[in-house]
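One-letter residues, chain by chain:
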Amino acid sequence: MKEASDDELVAAVAKGDGAACGLLMERHLGRTVALARRMMGNQADAEEVAQEVFLRVWTHADRWEPGRAQFSTWLHRVATNLCLDRLRRQRGTVDIDEMPNLVSEEPGPDRRLEADELAARVEAALQQLPERQRAAIALSHYQGLSNTETAEILEVSVEAVESLLSRGRRQLRVLLATEKDELLRSRETSA
Amino acid sequence: MANEITLERFSAIVEAYGASPARWPEAERGAAEAFAASSAEARSLLAAAGALDAALAAVPVEAPSAALAARLMAARPRAIAGAPAARPRSAFRELIDTIWPYGSPALPTGALAASIMLGIAVGSVSEISVLNEGLTAAEETEADDRLISLALADVAWPEEWMQ
């Protein structure tokens, strides 16, 4: 069963094959959570989205048509759309005090701590991006999908994907550079 | 040459996809790599994009929790015990299903015809009288009255029970 294609596994899932469910999760759950994490900015929301995605797989497995679409692309599309829906719903209820703070506290001497802080700052900068730019970066840069797959998932042209990626990366550079300057200034004043 | 690219296009590729050739569009990858090897400006663009790539790589990926995997396994579809495996349908069966998607009308029509014939056959060979068998004319009238009062009584019962 390890060598079975995704289509074959989905067919087995529809018949209630537990091993096929486990194998499908082994192949795709980690990547689904990773995509949702880039989009949502926290692990709890990411796991909720991934759960919803896989519950849809369980529910619709008997209606899956092999060869009509690539399973992993379909999975990315469902996950991306669920994230975008959640983000749109959250937009009206975001508390300004809960927004991620790009300027962090003074970093500790430990290099691990610095790496954690850099990660937190970059993740916060990603969350500042418009949702579709963030989705393009998540799908193309982090998930490693081709520009045609990313275009298919976001239902735009390849040119539009390039534009979303360029604007997203430019915005990230600005956000991270501004933060770096502010961090340096805060260090100078505290010294 | 068709596979040569301009500095402008190279810049657009690096701006969008970053410094790693693995992320560049496949159709332009070879030309872009050749351009990068021959242009100082291209290398400068790559260095700037590489710094952002490194920052993006710092964001960690957490593995899914065991609780999530357990919840999903608990919610997975289950096989129905003893359910027969679906048999492949013949071409004839496919044709029949296309013509009568809800089944052939021959079956209910046949069942109706059979029940009518049975009713006629039973009626013709026996004289069935459940109520009036062996009764005189007077008794017959009294039995009819009882039946009528019995039929009307159900209207009165609820009122009696409510008293």
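Structure: see above.
Every value quoted in this text rests on a predicted model; they were computed, and no experiment measured them.

Attention now moves to the overall build of chain A. Within chain A, the regular secondary structure consists of eight helices and zero strands. Reading the helices (α) and strands (β) of chain A from amino to carboxyl end gives α-α-α-α-α-α-α-α. The long-range share in chain A, meaning contacts at least 24 apart out of those at least 6 apart in sequence, stands at 63%. Surface exposure of chain A reaches about 9800 Å², of which carbon and sulfur atoms provide 50%.

In terms of nonpolar packing, the biggest core is built from 73 residues, with Trp58 of chain A together with Phe10 of chain B touching the most fellow members. Element by element, the count of residues in this core is highest for helix α2 (residues 18–40) of chain A, at 11 residues. Two domains each donate at least three residues to this core, and these are domain 1 (1–99) and domain 2 (100–191) of chain A. Once you skip the residues sitting within four places of it in the chain, Trp58 of chain A turns out to touch Val13, Cys21, Leu24 and Met25 of chain A together with Leu72, Ala75, Arg76 and Pro77 of chain B.

Another aspect to go through is the interface of chain B and chain A. If you look at the interface, chain B gives 32 residues, while chain A gives 37 residues. Overall, the association of chain B and chain A removes approximately 3100 Å² of surface from exposure, summing both partners, and the carbon and sulfur fraction of that is 60%. Considering only the side of chain B, the residues that lose the most area to chain A are Glu15, Leu56 and Leu72 of chain B, jointly responsible for 20% of the buried surface there. The interface formed by chain B and chain A holds 17 residue pairs in polar contact (both at pLDDT 80 or more) in total. Where the side of chain B that touches chain A is concerned, the elements lending two or more residues are α1 (7–17), α3 (40–57) and α4 (66–74) of chain B. Among the elements that line the side of chain B that touches chain A, the one with the most residues is α1 of chain B, at six residues. Its residues assigned to classes, the side of chain B that touches chain A comprises 22 nonpolar, two polar and eight charged.

As a further point, take the pattern of salt bridges. Counted under the stated rule, the structure contains 16 salt bridges over all chains. In this structure, the salt-bridge partner of Lys2 of chain A is Glu26 of chain A, at a minimum N-O distance of 3.2 Å. Of this pair, Lys2 of chain A sits in the segment before α1 (6–14) while Glu26 of chain A sits in helix α2, placing them 24 residues apart in sequence. Each member of the pair, Lys2 of chain A as well as Glu26 of chain A, carries the same accessibility label: exposed. For Glu162 of chain A, the salt bridge goes to Arg9 of chain B, with nearest N and O atoms at 2.9 Å. Here Glu162 of chain A, found in helix α8 (residues 158–190), pairs with Arg9 of chain B, found in helix α1, and the two come from separate chains. The buried category is assigned to Glu162 of chain A, whose relative accessible area is 13%. By relative accessible area, which is 23% here, Arg9 of chain B ends up partly exposed.

Inspection of the secondary structure puts Glu41 of chain B in helix α3. Between the alpha carbons of Glu41 of chain B and Leu7 of chain B there is a distance of 8.1 Å; along the sequence they are 34 residues apart.

Residues and elements named next belong to chain A. Of all eight residues that make up helix α7 (residues 147–154), six are buried, and the element is covered over most of its length. All buried positions along α7 are accounted for by Asn147, Glu149, Thr150, Ala151, Ile153 and Leu154. One or two steps after α7, the chain reaches Glu155, where phi turns positive at roughly 55°.

Parameters and conventions
By convention here, each chain's residues receive numbers from 1 onward along its written sequence. As a convention, the first chain written is A and the first ligand written is 1, with the rest following in written order. Only residues with pLDDT of at least 70 are given local features in this predicted model, and only at 80 or more are side-chain atom pairs given and counted; all residues enter the totals for whole chains, interfaces and linings. Here the side-chain values reflect all heavy atoms present in the structure, with hydrogen atoms and water set aside. We count a stretch as a helix when DSSP gives it H or I for four or more residues in a row; a strand needs E for two or more, and each element gets its number in order from the N terminus. Contacts are assigned to residue pairs that have any heavy atoms within 4.5 Å of one another. Here the accessible surface of atoms and residues is derived via Shrake-Rupley with a 1.4 Å probe, and residues count as covered only by protein chains that are part of the display. Residue types Ala, Val, Leu, Ile, Met, Phe, Trp, Tyr and Cys, when buried and joined through side-chain atoms within 4.5 Å, form a set referred to as a nonpolar core. Per-residue accessibility, obtained with a 1.4 Å probe over protein chains only, is compared with the maximum for each type, and a residue is labelled buried under 20%, exposed over 50%, and partly exposed between these values. Reported domain spans reflect what an automatic or database domain assignment gives. Buried area: the accessible surface (1.4 Å probe) lost by two parts on joining, summed over both. Whenever two N or O atoms come within 3.5 Å, that pair is a polar contact, provided that in protein one can donate a hydrogen and the other can accept it, and provided that, for residues adjacent in sequence, both atoms are side-chain atoms. Here the term charged refers only to Asp, Glu, Lys and Arg, the term nonpolar to Ala, Val, Leu, Ile, Met, Phe, Trp, Tyr, Cys and Pro, and the term polar to all other amino acids, Gly among them. Think of a salt bridge as a Lys or Arg side-chain nitrogen and an Asp or Glu carboxyl oxygen that are within 4 Å of each other.

Structural measurements only, silent on function.
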